[in-house]
Amino acid sequence: MQLQLIKKNLKKFGTVLIKGKENFISLKDFNKIEKILHKIPKEYVTIGDAGEKNNVNVSRLMTDIDKPKLVNKKLSKVVIDLLNKEYLPKFKNIVSKKKLFIRRAQVNFMKKNSFVGYHLDIDSNPDYLYAVILQLGHKYSGGNYVVYKNNSKKTFKPDYRSIIISDCKIPHEVSKVIDGQRTSFVFFLSSYFSKNKRNN
Ligand SMILES: [Fe+2]
């Protein structure tokens, strides 16, 4: 998908899906990122960061409880540094921001019957601008990314290597995985990199 079309769709709908074969992250970098992500330890989560109902395993790279912080640093730093160096300029262009930081990053592993309940990302941090979701799941059914905007519902079906960019002010959920495993790498972009103002 052309950069101008990505920008246009994001502006118009608040969410854009860039198909796997059109992904601007090089295959070499994608493979490197994917390999590292699978080595990070997992934890089981039933309540999400925005207070939503969850049923997922999570590997954390960056947490944002009081402020952004790298965790599992040995592995996560390689991924975050690579994204910052090679791809943050691209994201700045897409979302039309001069200042942009990755504030939180994690991998969500969703098996059959897993889901992420309806929520707003700004409930976990009011300064989140966009969520970026890189799809690492190969073969799965269900697990759609569903957004709710202006009383209408839009369903995105992310394929392997695809990217979703979604405005954090838009409520969304991940529908129940029917079969296979859905694995996604999620990070949140913000123009602010200090204290999480949720606690104020
Ligand atoms: Fe979310």
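Residues numbered from 1 in each chain as written. Predicted model: local features only at pLDDT ≥ 70, side-chain atom pairs only at ≥ 80, totals over all residues. Heavy atoms only, no water.

Trainee: Report on the overall build of the protein chain, specifying residues and quantitative values.
Mentor: When you go through the protein chain residue by residue, the secondary structure sums to three helices and 14 strands. Relative to the globule expectation of 16 Å for 200 residues, the C-alpha radius of gyration of the protein chain, 15 Å, shows essentially globular dimensions. Put simply, the protein chain has 200 residues, and 50% of those count as buried. Expressed as a percentage of contacts within the protein chain between residues at least 6 apart in sequence, the contacts between residues at least 24 apart total 78%. When the accessible surface of the protein chain is totalled, it reaches about 10100 Å², and 52% of it is carbon and sulfur. (Helix = DSSP H or I, 4+ residues; strand = E, 2+ residues; numbered from the N terminus. Rg over C-alpha atoms; globule rule 2.2 N^0.38 Å. Buried < 20%, exposed > 50% of the residue type's maximum accessible area, 1.4 Å probe, protein only. Contact = heavy atoms within 4.5 Å. Areas by Shrake-Rupley, 256 points an atom, 1.4 Å probe, with all protein chains shown as cover.)

Trainee: Before we move on, can you summarise the confidence of the model for the protein chain with the specific residues and values?
Mentor: Per-residue pLDDT for the protein chain averages 93, and the proportion of residues at 70 or more is 99%. Here strand E2 (residues 43-47) is the element of the protein chain with the lowest mean pLDDT, 84, and strand E7 (residues 130-135) is the one with the highest, 98. (pLDDT = per-residue confidence, 0-100.)

Trainee: Give me the packing of helix H1 (residues 3-13) against helix H3 (residues 73-95): which residues, what numbers.
Mentor: Here H1 crosses H3 at 55°, and the two axes come no closer than 8 Å. Here H3 runs oblique to H1, going by the angle between their axes. For the pair H1 and H3, the contacting residues are Leu-3, Ile-6, Lys-7 and Leu-10 in the first and Lys-90, Asn-93, Ile-94 and Val-95 in the second. Residues belonging to the contact of H1 with H3 are distributed by class as follows: five nonpolar, one polar and two charged. (Axes fitted to C-alpha atoms, helices over the stretch in contact; angles between N-to-C directions. Parallel < 35°, antiparallel > 145°, perpendicular 65-115°, else oblique. Nonpolar A, V, L, I, M, F, W, Y, C, P; charged D, E, K, R; others polar.)

Trainee: Before we move on, can you summarise the side chain of Ser-162 with the specific residues and values?
Mentor: Tracing the chain through its elements places Ser-162 in the loop between strand E10 (152-156) and strand E11 (163-167). Ser-162 gets classed as buried once you look at its relative accessible area, which sits at 0%. For Ser-162, the side chain forms a polar contact with the main-chain oxygen of Asp-159, separated by 2.7 Å. Setting aside anything within four residues of it in sequence, one finds Ser-162 in contact with Leu-17, Ile-18, Lys-19, Gly-20, Ile-133, Leu-134 and Gln-135. (Polar contact = N/O pair within 3.5 Å; in protein donor to acceptor, adjacent residues only side chain to side chain.)

Trainee: Before we move on, could you go through unusual backbone geometry and cite the residues and values that matter?
Mentor: Notably, Asn-72 is not glycine yet its phi reads approximately 50°, a positive angle. Within the fold, Asn-72 resides in the loop between strand E4 (68-70) and H3. A relative accessible area of 32% means that Asn-72 is categorised as partly exposed. In this structure, Arg-161 is a non-glycine residue whose phi angle is positive, near 75°.

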